[in-house]
Amino acid sequence: MSTTSATAEPEVATYPRVLLKPRKANPFYARHPWVLDSAIHRIEGDPADGAVVDLISDKGKWIARGVFNRRSRIQVRLYSWRADEALDETFFRQRLERAIRLRADLGLADPRGGARIVYSEADGLSGLIVDRYGEHLVIYVTALAIAQRVEMIAGLLDELLHPASILLRIDPTLASTEGIEVADGVLRGVAPEAPVQIDEYGVQFTVDLSAGQKTGYFLDQRENRRVAAEYLRGRRVLDMFCYTGGFGLAAAKLGGATDVLAVDSSRKAIAMAESNAVLNGLTQLRFQVGEAFTVLDELVAAGEKFSGIILDPPKFAKGRKSLEQALRAYHRLNRQALELLEPGGILVTCSCSGHVTPDDFLYMLIGVAHKSGRSLQFLERRGAAPDHPVSADCLENEYLKCVICRVS
Ligand code: SAH
């Protein structure tokens, strides 16, 4: 053994090896981070769930390093394509620093606002989402690999961002399929007693960090709310699926909508939306707890008309299998909305189903236009805000579509 090579080369630990089947390696050379069960030929070294493993081609070539989880559909989540890189604290610090730098470059470091600081695969950290609301952080975990390292990650976020508190939320559906044992809780600091207030382009929102949906608020629609507000200036608006008031409040405060009816099926969300309206000194909003399809039918039956409608429903397509059914639901929803929309009206229509492609969504709208005999002009076709980037290595993270149309 030559002493020069022993000192020049970093010490590389050996990890259990996951060997791929023939012709399965290409996506992983292209840095796709999800190794599914169906691609795996053999596992050497009996890794525990959550252990670091190396991914090896059928020809015996080292491809990448990741974290193993036998229980998950994604058996290995890949994090590094450098053989000399350990998945240790230094690695996670570098990835977090890079993610934080992007948000600062995007102008989203204002401590009064909200921003997604880490967006899973898009930031090279599959299974980790971190949202900042004012001075508080919410970590949202969707993978065992991250759940097992969440203490370390909280320590790093504390060191890099000095938040007042760090809360942990676990995706409830993934907790059982991933075998995650940690529960929601407070990782650092003291959880805020009351909902936290954030400023979004001059609109104030309160966010319930521990009991709200997902991490408490839908930051992905931030830019769409601001842009939609411009189109809704001076209009009579229906904000369907309003949650805590997002689009409706922005339309009223930033766009000067004259009158807004905001509807959501969640009583808690509507209560918060009402208090958000008061917080912003807005009096032109009315709120209603109700089921969207039913309320739309009722409004049509009552002969109501609007000059602007926002549709921001929850995910209709949970998987590829439910795509057709989801497209039918989007069709029905948008068709009902057109019945309520005056000629010259603005429709802001969204879909957060990743399985529905932007083209699927557009063709659905084209079908709605034909069926209802209305003509639709697409003014803007938008996606999620840039703090929800999409990595070229993992396009699956692209999910949000927001189409702004004029309807004659
Ligand atoms: N537009 C909001 C986010 C909407 S999230 C914003 O800008 O913040 C989707 C919302 O749809 C949730 O608040 C959920 O409570 C609501 N929802 C789900 N199913 C519904 C239904 N069938 N009818 C009405 N609202 C529904």
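Each chain has its residues counted from 1, following the order in which its sequence is written. Where local features are concerned, this predicted model is filtered to residues with pLDDT of at least 70; where side-chain atom pairs are given and counted, the filter is 80 or more; whole-chain, interface and lining totals use all residues. Where side-chain values are given, they derive from all heavy atoms of the structure, hydrogens and water being excluded.

On to the overall build of the chain. Secondary structure counts use DSSP, requiring at least four H or I residues in a row for a helix and at least two E residues in a row for a strand, with both numbered from the N terminus. Each helix and strand in the chain was counted, giving 12 helices and 20 strands. Throughout, radius of gyration means the C-alpha value; the globule benchmark is 2.2 Å times the number of residues raised to the power 0.38. Against the compact-globule benchmark of 22 Å for 408 residues, the chain has a radius of gyration of 24 Å, which places it among compact chains. Here the C-alpha coordinates of the chain stretch approximately 85 × 45 × 35 Å along the principal axes. Residue burial in the chain is summarised as follows: out of 408 residues, 53% are buried. Considering only residue pairs separated by 6 or more positions, the chain has 64% of its internal contacts joining residues 24 or more positions apart. Computed by Shrake-Rupley with a 1.4 Å probe, the accessible areas treat only the displayed protein chains as cover when residues are assessed. Of the roughly 18400 Å² that the chain leaves accessible, carbon and sulfur atoms contribute 51%. Note on exposure labels: buried denotes an accessible area under 20% of the residue type's maximum, exposed denotes more than 50%, and partly exposed covers the range between, all computed with a 1.4 Å probe on protein chains only. When checking whether two residues touch, look at their non-hydrogen atoms; a contact exists if any pair is within 4.5 Å.

Okay, the sheet that holds strand β5 (residues 62-68) next. Strand order in the open sheet formed by six strands is β2-β6-β5-β4-β1-β3, with mixed pairing between adjacent strands. At either end of the open sheet lies a strand with only one pairing partner, and these are β2 (34-36) and β3 (40-44). Across the sheet, the mean angle from the axis of one strand to that of its neighbour is 35 degrees, orientation sign disregarded. Two strands pair if DSSP finds at least two bridges between them. One ladder, built from four bridges, connects strand β1 (residues 17-20) with β3; its direction is antiparallel. Among the inter-strand pairings, Arg-17 is bridged to a residue of β3, identified as Glu-44. Geometry is summarised by axes, namely lines fitted to C-alpha atoms with helices restricted to the contacting stretch, and by angles between N-to-C directions that run from 0 to 180 degrees.

All right, on to helix α12 (residues 358-372) then. Residue count minus one, scaled by 1.5 Å, sets the expected span of a helix. For α12, built from 15 residues, the straight-helix expectation of 21 Å at 1.5 Å per residue is met to within 8% by its first-to-last C-alpha distance of 21 Å. Buried residues along α12 sit in contact with α11 (323-340), β18 (341-351), β19 (376-382) and β20 (401-407). Immediately downstream of α12, the backbone of Gly-373 shows phi near 65 degrees, a positive value.

A few words now on the domain arrangement of the chain. Under the domain assignment, the chain is made up of domain 1 (17-80), domain 2 (89-189) and domain 3 (218-407). What marks off one domain from the next here is an automatic or database domain assignment. Taking only C-alpha atoms, the centre of domain 1 and the centre of domain 3 are 40 Å apart.

It is worth spelling out the sheet that holds strand β11 (residues 185-189) at this point. If you trace the five strands from one edge of the open sheet to the other, you get β7-β8-β9-β10-β11, paired in mixed fashion. Of all strands in the sheet, those bounded by a partner on one side alone are β7 (114-119) and β11. Going from strand to strand, the sheet's axes swing by 20 degrees on average, the running direction of each strand aside. As paired strands, β7 and strand β8 (residues 128-133) are joined by five bridges and run antiparallel to one another. Among the inter-strand pairings, Gly-114 is bridged to a residue of β8, identified as Tyr-133.

Right, let's get into empty space enclosed by the protein. For each structure, a 1 Å grid was placed over the protein atoms alone; sets of points admitting a 1.4 Å probe that cannot get out are labelled cavities, open sets with protein on both sides within 12 Å along at least five of seven lines are labelled pockets, and lining residues have an atom within 4 Å of a point. Grid points are joined across faces, edges and corners, and a volume is the space filled by probe spheres set on the points. Counted according to the given criterion, the structure contains one cavity of 30 Å³ or more. Empty space within the largest cavity amounts to approximately 40 Å³. As for the largest cavity, its lining consists of Val-67, Phe-68, Asn-69, Ser-72, Ile-74, Arg-77, Ala-143, Ala-145 and Glu-178. Side-chain classes are defined by residue name, with Ala, Val, Leu, Ile, Met, Phe, Trp, Tyr, Cys and Pro counting as nonpolar, Asp, Glu, Lys and Arg as charged, and the others, Gly among them, as polar. Looking at side-chain class alone, the lining of the largest cavity contains five nonpolar, two polar and two charged residues. Residue-level mapping places the lining of the largest cavity at the junction of two domains, with at least three residues from each of domain 1 (17-80) and domain 2 (89-189).

For the rest of this paragraph, the subject is the packing of aromatic side chains. Working definition: rings of Phe, Tyr and Trp (its six-membered ring) pair if their centres are within 6.5 Å, and the pair is stacked with planes under 30 degrees apart, edge-to-face with planes over 60 apart, and tilted otherwise. One pass over the full model with this rule turns up seven aromatic pairs. Plain terms: the ring middles of Phe-91 and Phe-92 are 5.2 Å apart, the flat faces sit at 90 degrees to each other, and that makes the pair edge-to-face. One exposure class covers both Phe-91 and Phe-92, and it is buried. Members of the aromatic cluster, each reached through a chain of ring pairs, are Phe-293, Phe-316, Tyr-330 and Phe-361. A ring is considered to have a charge above it if a Lys NZ or an Arg CZ atom is located within 6 Å of its centre and within 35 degrees of its normal. The ring of Phe-205 is capped by Arg-225, whose NZ or CZ atom sits 6.0 Å from the centre of that ring.

In this section: the pattern of salt bridges. Here a salt bridge means any side-chain nitrogen of Lys or Arg lying within 4 Å of a carboxyl oxygen belonging to Asp or Glu. The final tally for this structure, using the stated rule, is 25 salt bridges. The salt bridge partner of Arg-226 is Glu-223, with a shortest N-O separation of 3.3 Å. Here Arg-226 pairs with Glu-223, and both are found in helix α7 (residues 222-231), just three residues apart, close to one helical turn. By relative accessible area, which is 11% here, Glu-223 ends up buried. Linking Asp-259 and Arg-236 is a salt bridge whose minimum nitrogen-to-oxygen distance equals 2.8 Å. You can see Asp-259 sitting in strand β15 (residues 259-264) and its partner Arg-236 sitting in strand β14 (residues 236-240), a full 23 residues away along the chain. By relative accessible area, Asp-259 is classed as partly exposed at 23%. Among the charged side chains, a salt-bridge network with shared partners connects Arg-222, Glu-223, Arg-226 and Asp-387.

Before going further, it helps to spend a moment on unusual backbone geometry. Even without glycine at this site, Arg-23 takes up a positive phi of about 60 degrees. Looking at the element boundaries, Arg-23 is found in the loop between β1 and α2 (26-29). Arg-23 gets classed as exposed once you look at its relative accessible area, which sits at 80%. Non-glycine residue Tyr-201 carries a positive phi angle of around 50 degrees. For Tyr-201, the position within the fold is in the loop between β12 (196-200) and β13 (203-207). The exposure class assigned to Tyr-201 is partly exposed, which follows from its relative accessible area of 39%.

A separate point is the environment of Val-237. For Val-237, the position within the fold is in strand β14. Judged by its relative accessible area of 0%, Val-237 is buried. Residues Val-237 and Ala-257, spaced 20 residues apart in sequence, show a C-alpha to C-alpha distance of 6.8 Å. Aside from chain neighbours lying at most four places away, what touches Val-237 is Leu-232, Ala-257, Asp-259, Val-260, Leu-261, Phe-306, Gly-308 and Ile-310.

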